[in-house]
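Spelled out, the chains give:
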There are 2 protein chains.
Amino acid sequence: VTFDSSPSPQATSSRDELQTLVRNQLELLLSQQNLEGAKALLVPVHSADIAAVIEGLPEPMQAIAFRLLSKEEAIEVFEYFDTQIQEDLLTEFRRQEFLDIVDQMSPDDRVRLFDELPAKVVSLLLDQLSPEERTATALLLGYEPDTAGRIMTPEYISLKADTTVAEAIDLIRRQARGAETIYTLYVTARDRRLVGTLSLRDLVVARPEQRISEIMTENVVSVQTDTDQEEVARIIQRYDFLAVPVVDHENRLVGIVTVDDILDIVEQETTEDIYTLGGLEAGDDDYFKSSLFTVARRRVVWLLILLITNTGTSAAIRSQEDLLEQVVALAAFIPLLIDTGGNVGAQSSTVVIRGLNTDDAALANPKRIVFREAIAGIILGLMLGVVVTLWAYILQGNLGVALSVGISLFAVSLLASFAGSALPFLFKSFKLDPALMSAPFITTIVDVLGVLIYLWVARLILGL
Amino acid sequence: VTFDSSPSPQATSSRDELQTLVRNQLELLLSQQNLEGAKALLVPVHSADIAAVIEGLPEPMQAIAFRLLSKEEAIEVFEYFDTQIQEDLLTEFRRQEFLDIVDQMSPDDRVRLFDELPAKVVSLLLDQLSPEERTATALLLGYEPDTAGRIMTPEYISLKADTTVAEAIDLIRRQARGAETIYTLYVTARDRRLVGTLSLRDLVVARPEQRISEIMTENVVSVQTDTDQEEVARIIQRYDFLAVPVVDHENRLVGIVTVDDILDIVEQETTEDIYTLGGLEAGDDDYFKSSLFTVARRRVVWLLILLITNTGTSAAIRSQEDLLEQVVALAAFIPLLIDTGGNVGAQSSTVVIRGLNTDDAALANPKRIVFREAIAGIILGLMLGVVVTLWAYILQGNLGVALSVGISLFAVSLLASFAGSALPFLFKSFKLDPALMSAPFITTIVDVLGVLIYLWVARLILGL
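Residues numbered from 1 in each chain as written. Chains lettered and ligands numbered in written order. Predicted model: local features only at pLDDT ≥ 70, side-chain atom pairs only at ≥ 80, totals over all residues. Heavy atoms only, no water.

**Section: the interface of chain A and chain B**
The interface of chain A with chain B comprises 135 residues on the first partner and 135 residues on the second. For the pair chain A and chain B, the summed buried surface comes to about 12600 Å²; carbon and sulfur atoms form 64% of the total. The interface formed by chain A and chain B contains two salt bridges. Residues Glu373 of chain B and Arg299 of chain A are paired through a salt bridge, measuring 2.9 Å at the closest nitrogen-oxygen approach. At the boundary of chain A with chain B, the tally comes to 43 residue pairs in polar contact (both at pLDDT 80 or more). Sort the elements by how many residues they give to the side of chain A that touches chain B and helix H20 (residues 366-396) of chain A lands first, with 17 residues. Among the residues forming the side of chain A that touches chain B, the class breakdown is 76 nonpolar, 28 polar and 31 charged. (Contact = heavy atoms within 4.5 Å. Buried area = accessible area lost by both parts, 1.4 Å probe. Salt bridge = Lys/Arg side-chain N within 4 Å of Asp/Glu carboxyl O. Polar contact = N/O pair within 3.5 Å; in protein donor to acceptor, adjacent residues only side chain to side chain. Helix = DSSP H or I, 4+ residues; strand = E, 2+ residues; numbered from the N terminus. Nonpolar A, V, L, I, M, F, W, Y, C, P; charged D, E, K, R; others polar.)

See the structure below:
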């Protein structure tokens, strides 16, 4: 199979086509050293597209292409890059050239970049930032990773309760350029305590002489600096917010988190969830850019745990060696039993773990869910048991063996769906990550008990 | 284990605590028939929280609690409900009572509800809507599910290019209540073609006498009515938009999709991706509310496919029955081989499938990724091969068997990581869903080839 001959998997929208077109053209122009042509090519293109195009270029060309941009554009494009590319470009540039760009980034994006850089480089850069930006960044860096404090931006607009609507609009007009959003506004008391919130929409429809206190909402939904970023995402999603205010333990407003950052966080958190379900340890960096040694190290853990599981399975099989010696045909169905049990368990645990990760209200009653899953396991087990008994009989012609396979498959289905649904709740209640913990235990239960049940049933039926 | 004795898995934030508190209090008051007390309890609570509280009540109480709300509040709360609960409540209410609520919903939310209702009920409701709302809803219902046309709202604000900033602000003030968002504004020509876009922020900082044409962006990123909703989500995420305009094939503006709807779509699409990876057929409805028969039907497909796979594996084992009869110990390690191969394959396919689903730029070069994964498989295979050889030797004391297990595990790791990374690309290039197609093929390759390699190697090493 040659992958290049098939259409690129990304070429699904006109936007992707545009990016591909620009990238190919840019690569051509750059390889011909036609820098003026390349510059002209990028002028009408949206900064987000330019970022995507540059990300798609071969690495040596990325820095060259980036240098083509005007300073203003470079700042915008830079913020759209993945942190990994930002880091790569940083090493390509002389520090001064680059410092202006870092100085212009919004504090939350800058912190995300700093998280990836070596501590020495960060402190060098911090020293050279303008004092105002330095304070903002150092503040954010003080919070734990993956908390609201770390992802918030201090560039919000705050109003006083006794301001009039007309004054507020005037103030917003003056502060609009520096603020992350002007669409949600925060009302603070003299001691910076958050006392209310209102939207620009409320302001626009109000009469100019009204006071902010008359139109603001006093019942503010806020998060604290140490709230987990996943919880922040859930609140923004739940309330359809454009931004959520972040307060410290004295309820003083210290920043806001905006919805555009939440989309990135949701994607990142989901990737972590999916990786964990897939038996991969999730790291903070991009999997595809990690060294192969790191990749292997992150995967080998779960594989070594399987060894422990399989010590049990192996012992179970060896304890029945005399039976297998007499009826070697039994061995032919062990893979079926293990594969099916593993999959039934994965099906049950997938719905429960996903439900727990999305705070699904249906999971408020674990007993009911486990009961439902066990019944589903029984139904599945009955269907599969009958089919498999027939199938094994046709394959092998030995009714005793066929019945043993069918009956034990029924038992394994029930076991797997019960374990698959109950274990995630159990681990969650012990504050352990269900996605991480469930798979090894389900595998152990299904493999060891499955094989034992199978061989015991066979011994009984075959009378050996 | 009693699940009730442990803290509820949801009780992780103060918001959840508040909701739990209100729910328990409300349940108590309702069971005491104290409706006035219940009403008073809900007054200061945010609509989104009331919705969550009602969703958590026992079903018979949900409708009673909902009736406590003032009409205005009921409309707001109703929009926050899951579609499933909206549907349940609808059947509890006499139609007239309910119709006012449906009439006040925004068209995109209403369409999402109508999607779940029986066609007869939908046409009855449509007839009774106000003419304006009926047109908007019927229009949206005409588009394919999961497209931009279906999730958009026609309630946007459009301006003309020759309007002044002052006139525009005045117009926005008048239309603010009816529009889904006033923060992104669209500029259309006389024939409704989309010619530009600007934000309320641009408007607020502009001079009152400037024309819209001077401050608008002409290079508009838009989607078409038939663009897939996943693609819409990606564009909003990529460009950090609050809303994206939807145009028809003549580039006429017909609606907008806002970022708050995107968060729900991302969650729904992610659940589908995760379900597919977990071997579950994803449906449009809530898994936990589907009938057990539906649940079993959706799961049994993938389990029956496993039967076909296992016909191969079973045949492979039976073809070597003479070998197994002589060295029954070999059977004890088949589960290890299958489990490990399956997991290595799942690890590789998880990163590739997740990358494809999120349009990761790193996947632009499939050959490189497959090569990388194959090398990772070799590294893993070497590590595991050595460990497993020792482990099998300690367990069994037969060096020949131990070496066969180790060597074949190395081969299986390489095979699995190659297949796990290459197959998703292959299926994607044939426009098939990689998440759906990859697992059965990886299982087949790992199980059948793995067992064959294992027994061949054993035959060679043991000289049988």
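**Topic: helix H12 (residues 165-175) of chain B**
Inspection of H12 of chain B places Val165, Ala168, Ile169 and Ile172 of chain B among the buried residues, and these make up the whole buried set. Along H12 of chain B, the residues classed as buried sweep out an arc of 100° about the axis, all on the same side. Where H12 of chain B is buried, its residues meet helix H13 (200-205) of chain A together with strand S1 (158-159), strand S2 (184-188), helix H13 (200-205) and helix H14 (212-215) of chain B. (Buried < 20%, exposed > 50% of the residue type's maximum accessible area, 1.4 Å probe, protein only. Arc of directions from axis to C-beta.)

**Section: the sheet that holds strand S5 (residues 243-247) of chain A**
All names here are of chain A. On the basis of which strands lie adjacent, the open sheet formed by three strands has the order S4-S5-S6 and mixed pairing. Lying at the two open borders of the sheet, with one neighbouring strand each, are strand S4 (223-224) and strand S6 (253-258). Note: S5 against S6, five bridges, orientation antiparallel. Residue Val246 lies in a different strand from S6, and its bridge partner there is Gly255. Lying over the sheet, helix H15 (residues 229-239) contacts S4, S5 and S6, oriented at roughly 135° with respect to S5. (Pairing = 2+ DSSP bridges. Axes fitted to C-alpha atoms, helices over the stretch in contact; angles between N-to-C directions.)

**Some details on helix H21 (residues 399-429) of chain B**
If you check H21 of chain B, its first and last C-alpha atoms are 45 Å apart, about what 31 residues at 1.5 Å a residue would give, namely 45 Å. Of the residues flanking the start of H21 of chain B, the one acting as N-cap is Asn398 of chain B, its side-chain oxygen 3.0 Å from the backbone nitrogen of Gly400 of chain B. (Expected span 1.5 Å × (residues − 1).)

**Some remarks on the sheet that holds strand S3 (residues 194-199) of chain A**
All names here are of chain A. Reading across the sheet, the three strands line up as S1-S2-S3 and stay open at both edges, with mixed pairing between neighbours. Sheet topology places strand S1 (158-159) and S3 at the edges, where each strand pairs with a single neighbour. Two elements, strand S2 (residues 184-188) and S3, share five bridges in a ladder whose sense is antiparallel. Across the sheet, Thr184 pairs through a bridge with Ser199, a residue of S3.

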